[in-house]
Amino acid sequence: MDERLKDSDRAAVAGIAHSPPHRKAYSYSQQLRTNTGGHQKRYNNHPRNHSLDEIDILGPSHRRNAYYDGGGGGVNSSDDEEFYRYASSRDGGASDRVVDYRHLGQIVEGMGMGDDGAFDESQQAPDQPLPEFMANGGGVGVFKVPHRAAVHPNRPPCLELRPHPLRETQAGKFLKTIATTETQLWAGQESGVRVWKYSDAYEAGIGMISGRKAPRGDEDAAPYFESANTSPTISMMVDQGTKLVWTGHKDGKIRSWKMDQNFSDGTTFKEGFSWQAHRGPVLSMAISFYGDIWSGSEGGIIRLWPWESIEKSLSLSPEERRMSALLVERSVVDLRAQVTVNGVCNISSSDVKYLLSDHVRAKIWAVGSQSFSLWNARTRELIKVFNIEGQIENRVEMPSSQEQVVEDEMNVKFVSKSKKDKSQGFLQRSRNAIMGAADAVRRVAKGAGAFVEDTKKTEAILIATDGIIWTGCSNGLLIQWDGNGNRLLDLAHHPSSVQCFCTHGSRIWVGYSSGLIQVLDLEGNLIAGWVAHNEPVIRLVIGNGYVFSLATHGGIRGWNISSPAPIDNILRTELSERKDLYTRQENIRILIGTWNVGQGRATHNALMSWLGSAVSDVDIVVVGLQEVEMGAGFLAMSAAKETVGLEGSSVGQWWQDHIGKALDEGSAFERVGSRQLAALLIAIWVRKNLRTHVGDLDVGAVACGLGRAIGNKGGVSLRLRVFDRIMCFTNCHLAAHLEAVNRRNADFDHIFRTMSFTRSSNFFNNATVGVNSSSNQPTRDKNSSTDKPDEGRPDLAEADMVVFTGDFNYRLFGITYDEARDLVSQRSFDWLREKDQLRNEMKAGKVFQGMREALIRFPPTYKFEKGKPGLGGYDSGEKKRIPAWCDRVLYRDNRTAPTKECSLECPVIASIVQYEACMDVTESDHKPVRCKLNLDIAHVDKSVRRQEFGTILQTNETIRSNLEVLRFVPETNVSTNKISLQNQDTFNLKITNKSGEETVFYHILCEGQSTIKEEEETPDYRPRGSLGFPRWLEVTPAAGMIKPDQVADISVHHEEFHKLEEFVEGIPQSWWSEDTRDKELILLVIVRGSCSTDLKTHRVNVRHCFSGNSLRIDSSTNASRRSQEGSTHNRPSTIR
């Protein structure tokens, strides 16, 4: 122990007054009271007994209500008045048990005082909240109660298409990706796909629809339709050309789903055409400029599926499905094999995480974690391979057949101890051994690199409307690239990992692993940012005037495409005014139990006395144990296991199993989760009828033992949602010894500020399939105060309810062992409370700032001789440790003032209705303590609020007019509506922005192609995949932006698509085929404004007139054109 710390601790203790308070005139000799058979009985005539050794503890039949009341004049004690000043108030709560605590003084005064003025608990109603003491120092800094409101004040109001489901309800059904069509939102999940119609977006939740059973987690979701079960969906894309949604799956298949099929309630819809694309999962997909489907998988595999074979397969009947799949599978182009020569491959063997189709320049980007490959979509040739720094990759990479095992040398030297070393003592030698073992394991783990994540991996890619390529990295870095893969600009606005992008007009939306969404302009300037979800945002898409965001937990929210905008404030005000329509209130009870078990085991009777007898009216049980298992070897092993992400022990499991039996686990209660850190264990059980409203369990641990690394001291914590309110329960074991006050204070502060939550291991694997590597855990950035007003605050500070329990080790000061025993025998707990270190530190605002504790009316719970019943069991050995209230339960709810009512602004209000020690349990040197909390919880009926959201949008004239303005599209002009091309001809199409103020964004597609036949009068236009172009036509650039009063020049060029080997003396050998006939297609020139929700379309007919005399080509010229591809300017549009 640090000697300097000891001195400061002693100084702190010495500074506290040791003189006892002035004794009141009334007696301190109130006798023990018990409840028998449910009827309370006072033993007024029982003689005072000063012998603690002869006091018997109640038997098992009295355990339900057997606790000790420290009446002792506590009501009249002037110092105890502050307990009542902070007494709970739950006026207006949802429960029938509503008490007005503004008149708590009169209530207490009329509760049957004896002649000696002592508090008479025998006449106290069972549900009467106990008076509480509140620590000073709350309300500021990290101890400030989090702000809550009916509508979030720091982000735009949103459409909750699918409210955040509890993770525990989503096993096997987690949503992994989303995509949007003109009228639908599609989602890929672990068991198939589902689809929402925008026309149903504001309807009541599925759980409110008569005759339709809602799956767990989707009770409040807008109505949707679900597919039959399939392999987990990993990737998804929309094909407007074929009116299909394509999905890539874990089983290696690519499946299609019809957009325009008839969906019916209660009936699953089936997939259409599918084929086996890869042996491994289909990680990514894209449709090229020419309608081909590209797919990526593990090991750097990239495959291309030609449009011609897909079109042929789609034309076959369902009975010919197997033949159609075989047709596509045989047409595959294996691009990795194509660039592999003599076993040497020019592209990376890392997983192909993303494929991006550059429709501006007809290229495909294939993205790995730290490398890119750039392909020509027309010729299907590799253009360039480069790394995340923009440097061209000249070295070849071959997948190794065996991973090289890297081992760090760790030399352990055993040196004989000198007499001086031996004189250090057992504790010092144990400390050295433990710290050495734990540090060695950490060095090995770090050296092996197995747990050190690379902070610069590519996690997302996007092509913006101006043609610039954006990529996002796991360290928050945003990188801009030109179309040739040249790195242009780096910028960063948030340190969390970038997970996804989307773009519309002049804006780019970025989703982060912290749950943040940022809005940027095309130059990368930050427009706005808000916390969209409490978990990573993994997908962003545009549809129906919204930016839809998907989080890892499966929640989907829609943000107005113009946000932040004036309609946000109108919506926020309107929704707030209607809060009474969607506010719901619940009442639950939570039992908190804490026990330092001293490395022992408990009997079933002991557990029943402590917990089992008190849960008849309880909904949630939280149990914290200390000293479950100790010893230098165990602590060193635990530290090592924590280093590599492992926790728990067989002894810890034993305790959970036996506590579960006492709680009737399986029938009445369900175990939700636990966390163990060496000797500390916390576990939680929930009554089964409440289980559907409790979940999202996260766990955390902070070591405060030797070197802040060993778990003999520290805290373990559980965080979960209860009726959508965040509650945190922390079990602590703080520094021991009378003089270590400052160390205990520091331990609490360290735990409170550094406790960080991660997903429970039970749900980690299920929740992260298909999620980017850096989004596996909910992440909090501690630095970005600009974008997140509450950023930098500890996780515990953001909870609605925080409970701290455990062996806090605060002692009684300024009192001798004999004095303490005498005061306990006289039930004079008011004097003992005056000598309580914890209470004094809380009054001074030095620890547990802003937290509350009920007035203690039970004897000190430490230290007892094991197996010795009665209060005579207090330590009578050589050390004679002074009895102390080491074992405590404290809490903080949403109240910022004593008179707060339960509402959406103050959603959790708690009161303590029972706080007692089980003095009949003798298995440890500590007595177990239990505390029963009564909670009123206000929460939102999200189904009703979504309906109100839709009603406001449809009825508020100001909002309607603002939304109408968003439909505006600047006027544009296209130079012609007919183009005729001969072989190798080029036409210069001009698009003019006639607006003097607004920027225009255009995108050119091919609505369909028809072969001209003399016998046909009406052309039959057939679209290619994703409205792509035929290979004989080049349109450059096919997308871009046009500034006010500017003109964009678009090159429309006929390019012969035959390969050189197909020519003999410049004449194609397939001249008699259909390709030599005249063709006609329709170009769609789609135009929209900077933030338009609408668009305008220009149609241009392009006709290629075939001429045999002009078919000869110059091979050298053709090769020269290919070599110069994409080598022009960074921005795609030529503007003059």
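With respect to the sheet that holds strand β29 (residues 516-521)
- Spatial ordering of the open sheet is given by β27-β28-β29-β30, a layout of four strands whose pairing is antiparallel. Edge strands, defined here as strands with exactly one partner in the open sheet, are β27 (498-504) and β30 (526-531). For this sheet, the mean angle separating the axes of adjacent strands, direction not counted, is 20 degrees.
- Pairing analysis gives six bridges linking β27 to strand β28 (residues 507-512), with the strands arranged antiparallel. Its bridge partner being in β28, Cys 500 is matched across the sheet by Gly 511.

With respect to the packing of aromatic side chains
- Counted by the stated rule, this structure contains 36 aromatic pairs.
- Measuring from centroid to centroid gives 6.1 Å for Trp 365 and Phe 372, while their planes differ by 80 degrees, and the two rings are edge-to-face.
- Classification of Phe 372 by relative accessible area gives buried; the value is 2%.
- It is Arg 744 that lies over the ring of Tyr 810; its NZ or CZ is 5.1 Å from the centre.
- The aromatic ring of Phe 133 is capped on one face by Arg 839, whose charged end is 5.5 Å from the ring centroid.

Observations regarding empty space enclosed by the protein
- Scanning all chains against the criterion turns up four cavities of 30 Å³ or more.
- Of the volumes computed, that of the largest cavity is approximately 110 Å³.
- Mapped by element, the contributors of at least two residues to the lining of the largest cavity are β20 (363-367) and β21 (371-376).
- Tallying contributions element by element places β21 first for the lining of the largest cavity, with three residues.
- Among the residues making up the lining of the largest cavity, the classes are represented as seven nonpolar, six polar and one charged.

Some thoughts on the side chain of Asp 218
- Among the secondary structure elements, Asp 218 is positioned in the loop between β7 (192-197) and β8 (225-226).
- Residue Asp 218 is classed as buried on the basis of its relative accessible area of 2%.
- In terms of polar contacts, Asp 218 uses its side chain to reach the side chain of Tyr 224, at 3.2 Å.
- Ignoring sequence-local partners within four residues, the contact set of Asp 218 consists of Arg 162, Arg 194, Ile 206 and Tyr 224.

Remarks on the pairing of β7
- Extensive coverage of β7 is indicated by the burial of five of its six residues.
- Bridging between strand β6 (residues 184-189) and β7 involves six bridges; their strand directions are antiparallel. When the bridges of β7 are listed, Trp 186 appears paired with Val 195.
- The loop that links β6 with its antiparallel partner β7 comprises two residues.
- Sheet topology places β7 next to β8; two bridges connect them, and they run antiparallel. The residue bridging Arg 194 from the neighbouring strand is Glu 226, located in β8.

Some remarks on the packing of helix α9 (residues 566-577) against helix α19 (residues 942-955)
- Following both chains from N to C, one finds α9 and α19 inclined at 130 degrees, their axes separated by 10 Å at the closest point. Here α9 lies oblique to α19, going by the angle between them. The crossing of α9 and α19 is right-handed. Contacts from Leu 571, Glu 574 and Leu 575 in α9 reach Arg 945, Glu 948, Phe 949, Ile 952 and Leu 953 in α19.

Let's talk about the sheet that holds β6
- The antiparallel open sheet is built from four strands, whose spatial order is β5-β6-β7-β8. Of all the strands in the sheet, the pair left with one neighbour each is β5 (175-180) and β8.
- Bridging between β5 and β6 involves five bridges; their strand directions are antiparallel. In the strand pairing of β6, Ala 179 is matched with Trp 186.

Looking at α19
- Across its 14 residues, α19 extends 20 Å between first and last C-alpha, which sits within 8% of the 20 Å expected from 1.5 Å per residue.
- A large share of α19 lies buried, amounting to 10 of its 14 residues.
- For α19, every residue scored as buried is listed here: Lys 942, Ser 943, Val 944, Arg 945, Arg 946, Glu 948, Phe 949, Gly 950, Ile 952 and Leu 953.
- Sitting at the head of α19, Asp 941 places a side-chain oxygen 3.2 Å from the backbone nitrogen of Ser 943.

Observations regarding the pattern of salt bridges
- Scanning the entire structure with this criterion turns up 49 salt bridges.
- Glu 459 is the salt-bridge partner of Lys 353, the closest N and O atoms lying 3.0 Å from each other. Within this pair, whereas Lys 353 is found in the loop between β18 (344-345) and β19 (354-358), its partner Glu 459 is found in strand β23 (residues 458-463), the two being separated by 106 residues in sequence.
- Exposure remark for Lys 353: the relative accessible area of 18% places this residue in the buried category.
- With relative accessibility at 0%, the residue Glu 459 sits in the buried group.
- One salt bridge connects Asp 749 with Arg 753, and the closest N-O pair in it is separated by 2.9 Å. Here Arg 753 and Asp 749 lie together in helix α14 (residues 741-754), a separation of four residues that amounts to about one turn.
- By relative accessible area, which is 26% here, Asp 749 ends up partly exposed.
- Members of the salt-bridge network, linked through shared partners, are Arg 162, Lys 173, Arg 194, Asp 218 and Glu 226.

A short note on the side chain of Ser 1010
- Mapped onto the elements, Ser 1010 comes out in strand β50 (residues 1000-1011).
- Since its relative accessible area comes to 3%, Ser 1010 is described here as buried.
- In terms of polar contacts, Ser 1010 uses its side chain to reach the backbone amide nitrogen of Asp 1020, at 3.1 Å.
- In this structure Ser 1010 touches Pro 1019, Asp 1020, Tyr 1021, Asp 1078, Lys 1079 and Glu 1080, once residues within four positions along its chain are discounted.

About the thresholds
Residues numbered from 1 in each chain as written. Predicted model: local features only at pLDDT ≥ 70, side-chain atom pairs only at ≥ 80, totals over all residues. Heavy atoms only, no water. Pairing = 2+ DSSP bridges. Helix = DSSP H or I, 4+ residues; strand = E, 2+ residues; numbered from the N terminus. Axes fitted to C-alpha atoms, helices over the stretch in contact; angles between N-to-C directions. Phe/Tyr/Trp six-rings, centres within 6.5 Å; stacked < 30°, edge-to-face > 60°. Buried < 20%, exposed > 50% of the residue type's maximum accessible area, 1.4 Å probe, protein only. Lys NZ or Arg CZ within 6 Å of the ring centre and 35° of its normal. 1 Å grid on protein atoms, 1.4 Å probe; cavity = no way out; pocket = protein on both sides within 12 Å on 5 of 7 lines; lining within 4 Å. Points joined across faces, edges and corners; volume = space filled by probe spheres on them. Nonpolar A, V, L, I, M, F, W, Y, C, P; charged D, E, K, R; others polar. Polar contact = N/O pair within 3.5 Å; in protein donor to acceptor, adjacent residues only side chain to side chain. Contact = heavy atoms within 4.5 Å. Parallel < 35°, antiparallel > 145°, perpendicular 65-115°, else oblique. Left-handed = near helix turned anticlockwise from the far one by under 90°. Expected span 1.5 Å × (residues − 1). Salt bridge = Lys/Arg side-chain N within 4 Å of Asp/Glu carboxyl O.

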